[in-house]
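Report on the structure
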Amino acid sequence: VRRVGPPVSLRLIVPNRRNTTMNRQNHTETPVRAAARSRRIFYHDIEIADGVRTRFADDFDEVPYLRRTDTLLRESLSQLDTHAGDGFAGRRVLDAGCADGLFAFHAARRGADRVVGIERNRFNYDHACFIRDACGLSNITFTHGSVENLNPSERFDDVFAFGLLYHLVSPLVALHTLRSVCRE
């Protein structure tokens, strides 16, 4: 195998946490806030508790595309609320490829009886579990694994697969699997 073309250079942008928003916004450093900061950057901006979020103002200042991404995600949440009508009360929700759980937490906080998030990436899975534990939500669980390994006997009223398919080798297999766990 021979590589053709110029060498590829990748650059990871990680916000600088030294100039914390705690200093700029005069927040008290709580154990939850300190734990969130120690985990570095999260994929989504999720409120944990008492105004503590997984992203901080300096993240947006240092990585400008995060604001545009969050705007799109907020629009998606608004559309999800429109779909859900009065919320997710009495519903079972699956968030496939949940990353750190933005959509799963949205459904859980809007009254879903049970929310299951499945995430292949260990880093994102660990973040989702941290947020769930910090929020104290008992109606949400996370599984570290692949969509293809879903329990075929479990059924869900709503299945989310936001930003999932383009990561998969066999998206049609995943769609078939997701369809198989949907309630009629």
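Residues numbered from 1 in each chain as written. Predicted model: local features only at pLDDT ≥ 70, side-chain atom pairs only at ≥ 80, totals over all residues. Heavy atoms only, no water.

1. Here's the deal with the nonpolar core
Note the cut-off: Throughout, nonpolar core names a set of buried Ala, Val, Leu, Ile, Met, Phe, Trp, Tyr and Cys residues whose side chains join them through atoms within 4.5 Å. Here the term buried applies to any residue with accessible area under 20% of the maximum for its type, exposed to any over 50%, and partly exposed to those in between, with areas from a 1.4 Å probe on protein chains only. The helix and strand labels rest on DSSP assignments: H or I over at least four residues marks a helix, E over at least two residues marks a strand, and numbering proceeds from the N terminus. Contact criterion: two residues are considered in contact whenever any of their non-hydrogen atoms come within 4.5 Å of each other.
Counting 26 residues, the largest nonpolar core has Phe88, Val115 and Phe142 as its most contacted members. Taken together, the elements giving at least two residues each to this core come down to helix 4 (65-84), helix 5 (102-109), helix 6 (122-135) and strand 5 (140-144). For this core, the leading source of residues is helix 5, giving six residues. Not counting the four nearest positions on each side in its chain, phenylalanine 88 is found in contact with Leu80, Val93, Ala107, Arg110, Gly111, Ala112, Asp113, Asp158 and Phe160.

2. Concerning the confidence of the model for the protein
In plain terms, the rule: On a scale of 0 to 100, pLDDT captures the predictor's confidence in every residue.
Here the protein shows a mean pLDDT of 77. Residues at 70 or above account for 68%. For the stretch residues 1-26, pLDDT sits under 50, and the model shows 33 contacts to residues farther than four places along the chain or on other chains.

3. Focus: the layout of surface pockets
In plain terms, the rule: Each cavity reported here is a set of points on a 1 Å grid over the protein atoms alone in which a 1.4 Å probe fits but cannot get out, each pocket an open set with protein on both sides within 12 Å along at least five of seven lines, and each lining residue one with an atom within 4 Å of a point. Grid points are joined across faces, edges and corners, and a volume is the space filled by probe spheres set on the points. The classification used treats Ala, Val, Leu, Ile, Met, Phe, Trp, Tyr, Cys and Pro as nonpolar, Asp, Glu, Lys and Arg as charged, and all other residues, Gly among them, as polar.
Its boundaries defined by the atoms lining it, the largest pocket holds a volume of some 610 Å³. If you go around the largest pocket, you meet 26 residues; those closest to its centre are Gly97, Ala99, Glu119, Gly163 and His167. Elements supplying a minimum of two residues to the lining of the largest pocket: helix 4 and strand 4 (114-119). Broken down by element, the residue count for the lining of the largest pocket peaks at four residues, all from helix 4. Taken together, the residues of the lining of the largest pocket sort by class into twelve nonpolar, ten polar and four charged.

4. Structural notes on the sheet that holds strand 5
Strand pairs in the sheet, formed through backbone hydrogen bonds, run parallel or antiparallel to each other. Condition: Two strands form a pair only when DSSP identifies at least two bridges running between them. Only C-alpha atoms enter the line fits that serve as axes; for helices the fit covers just the stretch in contact. Angles between N-to-C directions range over 0 to 180 degrees.
Reading across from one edge, 5-4-3-6 is the order of the four strands in this open sheet, with parallel pairing throughout. With partners counted over all chains shown, the strands left at the sheet margins are strand 5 and strand 6 (158-160), one partner each. For this sheet, the mean angle separating the axes of adjacent strands, direction not counted, is 15 degrees. In this sheet, strand 4 lies alongside strand 3 (residues 92-96) in parallel orientation, the contact comprising five bridges. Looking at the pairing, leucine 94 lines up with valine 116 of strand 4. Running over the sheet, helix 6 touches strand 4 and strand 5 and is turned about 160 degrees from strand 5.

5. Observations concerning the pairing of strand 5
Which entries qualify depends on this criterion: If you view a crossover with the strands going away from you and the path from the first strand over the helix to the second runs clockwise, you call it right-handed.
By the bridge criterion, five bridges tie strand 4 to strand 5 in an arrangement that is parallel. Opposite glycine 117, over in strand 5, you have phenylalanine 142 as the bridge partner. Handedness of the β-α-β unit built from strand 4, helix 6 and strand 5 comes out right-handed.

6. Quick look at a nonpolar patch on the surface
Condition: Only residues whose relative accessible area exceeds 30% and that take part in no salt bridge are eligible for patches, with like-charged residues grouped when within 9 Å of each other and nonpolar side chains (Val, Leu, Ile, Met, Phe, Trp, Tyr) grouped when within 5 Å. Per-residue and other accessible areas were derived by the Shrake-Rupley procedure at a 1.4 Å probe size, with only the shown protein chains allowed to occlude residues. Counted as salt bridges are all cases of a side-chain nitrogen of Lys or Arg within 4 Å of a carboxyl oxygen of Asp or Glu.
A surface patch of nonpolar side chains, about 280 Å² in accessible area, is lined by Leu165, Leu172 and Leu175. Here leucine 175 is to be found in helix 7 (residues 171-180).

7. Overview of the environment of alanine 112
With respect to the helices, strands and loops of the structure, alanine 112 is situated in the loop between helix 5 and strand 4. On the accessibility criterion, alanine 112 (4% relative accessible area) is buried. C-alpha separation for the pair alanine 112 and alanine 89, spaced 23 residues apart in sequence, amounts to 4.7 Å. The residues touching alanine 112, leaving out its near neighbours within four places in the chain, are Phe88, Ala89, Arg91, Val93, Ala107 and Asn139.

8. Thoughts on unusual backbone geometry
For residues that are not glycine, phi is negative in most cases, and the peptide bond is trans in most cases. The phi angle at alanine 99 is positive, at roughly 55 degrees, despite the residue not being glycine. Along the polypeptide, alanine 99 turns up in the loop between strand 3 and helix 5. By relative accessible area, which is 8% here, alanine 99 ends up buried.

9. A closer look at the pairing of strand 4
Sheet faces and side chains relate simply in a regular strand, where the side chains alternate between the two faces. The buried count for strand 4 comes to five of six residues, which makes it a mostly enclosed element. Once the chain exits strand 3 it traverses helix 5 before rejoining the sheet at strand 4, and the crossover so formed is right-handed.

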